[in-house]
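Structural characterization, general
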Amino acid sequence: MQENIAGVMDGVIAGKPLAYARVRSCALLGLEPHLVTIEVSCTRGPPLFRMVGLPEAPVREARVRIASALAGIGVLLDEYAITVNLAPADVPKPGAMFDLALALGVLGAVGRFAAHQLADVLVLGELSLDGSLQPVRGVLPQLRGLLGGALRGAIVPTANAIEAGLLRSGRVLHGGSLAEVVQHLRGEQALPEVMPTPFAPNASSHAVDDLRHVRGQARPRRALEIAAAGNHNLLFMGPPGGGKTLLARLLPTILPPLSFEEAVEATAIHSVAGVLRNEKGIVDSRPFRAPHHSISEAGLVGGGSRPRPGEVSLAHYGVLFMDEFAEFRRSALEALRQPLEDGVVCIARARTHATFPARPLVVAAMNACPCGYRSHPRQRCRCSPHQVARYHQKLSGPLLDRLDVHVRVLPVEVRALSAAADGESSASVRARVIAARERQHARYVSRATRHRTNAELSLDELDDVAPLEREARRWLEQTAADLGWSARAWVKILRVARTIADIEGSPRLGLRHVEEASLGRLLDSGRLSAAAFEMPDAQSRDG
Ligand SMILES: Nc1ncnc2c1ncn2[C@@H]1O[C@H](COP(=O)(O)OP(=O)(O)OP(=O)(O)O)[C@@H](O)[C@H]1O
Ligand SMILES: [Mg+2]
């Protein structure tokens, strides 16, 4: 395939531009794609590779990879003086995803193919030294954001084809190497088109067990169901061995399957983070993320000089399980407050800012004190008041306020432990959760809000969608005044009450709905004894 490019360009006066080519690529800031135009001009003359337009270190290193890959198809970079301009200059250009576009720009400029073919094609891909195309991060959000407008198609690495196949529009081709792409552009061998990736939600890829095997624990089970039905954040608190971790890990078994739109969004986030390494190439079940409590603030909510999504975004549309909640760093917990309120993470940097969606269902689990036995009905807690106060200090009121449902998980009664397991199955609870979510969906679609679940409702919207029966309003007003609830607490209780009524199929909120929604707060305030909080186990069983 060796060809004398200098020969092709015979007759061009040294020092004058040989030719010029323009290729389209993309810089991704957060999930937001920015079209980047790569202009390449070549002159014959002393070897030079000059790049302008705010390229960052990995892009500057592209020269080495491009030179090697081009040598593989017989083009020697050192025979030219090459100037590359990346426009617009004010968009930071991180990553090695411009390799293929840069190499094609050079080849187009030196006349290896008719460069005008690439005028409206998005080109993505990193090159290996041998010219093979490596996958890049964030292919899906780049295609989704840019195809359809000025761009009619795209060329992506074959390793990104499954992910790209989630996009059901535009003409996307994939190639395995620079040579294959060049053959396509020379009209010798067409590149294959990306096929639509089949989507079937996988219900329980993270589930290892079934709710059926949990003994007793009627109240925590009910809380799990309410949390799943309305996407409410949940806090389990109680002594060791009560089953907090076990219950939290079972949450995915009662969540509704991931919809196609949710899968696209989740896949886009995982792709940008570079964690889409499963053999399926897409996210097809609700994410379940359980970061260790030693995680940094940036790891939890996202960050870095080139902003990457954190665990809270990787768990978007799924579950963020924070076991040993009180052990997390204070800075990490505080950083969680904003995304839990807004459903997005905003990361500001000197030259740029990135936003990532972050609407997971957060399940936090913790003991009530350092020794763990503070709320134990029979065992004695050995912690001093000072130790307990220090333990709770990390969890500020505003953070706890953001966990809609607070539940005590007390030790399982011996009677329930030694009896045969006869709890309701995950499938049966899940059917109620799905029905409750469908009621919410129907309500919010008809009102054309952007919400999907009750957990996102504002006070104004609650006035509209959660009409209170007179008795319920009177009780709620009295209790809120007595206990000094904040406006946020009031809103959270109405949201949870709306979900409890949705599980039942009741359009209005009655006294029993608001009372059940307030249980955790009544218990926290000492208004309710732990014994009164317990619920007869029989209520949670099948039939
Ligand atoms: N209600 C239950 N039904 C069946 N098994 C249970 C139950 N509760 C606990 N177990 C068993 O006990 C083990 C320990 O429970 P788990 O780890 O969930 O407790 P925990 O409340 O998270 O404790 P810690 O506070 O120490 O983290 C579980 O793996 C499970 O085998
Ligand atoms: Mg645990």
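Below is a short write-up of the structure.

Calculation criteria
Residues numbered from 1 in each chain as written. Chains lettered and ligands numbered in written order. Predicted model: local features only at pLDDT ≥ 70, side-chain atom pairs only at ≥ 80, totals over all residues. Heavy atoms only, no water. Pairing = 2+ DSSP bridges. Helix = DSSP H or I, 4+ residues; strand = E, 2+ residues; numbered from the N terminus. Near = heavy atom within 4 Å. Polar contact = N/O pair within 3.5 Å; in protein donor to acceptor, adjacent residues only side chain to side chain. Nonpolar A, V, L, I, M, F, W, Y, C, P; charged D, E, K, R; others polar. Axes fitted to C-alpha atoms, helices over the stretch in contact; angles between N-to-C directions. Parallel < 35°, antiparallel > 145°, perpendicular 65-115°, else oblique. Left-handed = near helix turned anticlockwise from the far one by under 90°. Contact = heavy atoms within 4.5 Å.

The sheet contact formed by strand 15 (residues 344–348) and strand 16 (residues 353–357) spans five bridges and is antiparallel. Of the residues in strand 16, the one forming a bridge with Val 344 is Pro 357. Where strand 15 folds back on strand 16, the antiparallel hairpin that results is connected by four residues.

What follows concerns the site of ligand 1. The environment of ligand 1 is formed by 15 residues, the closest being Arg 215, Gly 241, Lys 244, Thr 245 and Leu 246. Here Arg 215 contributes a backbone N or O atom positioned 2.8 Å from a nitrogen atom of ligand 1. In the model, an oxygen atom of ligand 1 is placed 3.1 Å from a nitrogen or oxygen of the Gly 243 main chain. Per-class residue counts for the shell around ligand 1 are five nonpolar, seven polar and three charged.

One can describe the packing of helix 18 (residues 426–446) onto helix 21 (residues 487–504) by two numbers: an axis separation of 8 Å at closest approach and a directional angle of 110°. For the element pair helix 18 / helix 21, the angle class is roughly perpendicular. In terms of crossing hand, the pair formed by helix 18 and helix 21 is right-handed. Contact residues: helix 18 offers Arg 432, Ala 436, Arg 439, Gln 440, Arg 443 and Tyr 444, while helix 21 offers Arg 498, Asp 502, Ile 503 and Glu 504. Counted by class, the contact of helix 18 with helix 21 contains three nonpolar, one polar and six charged residues.

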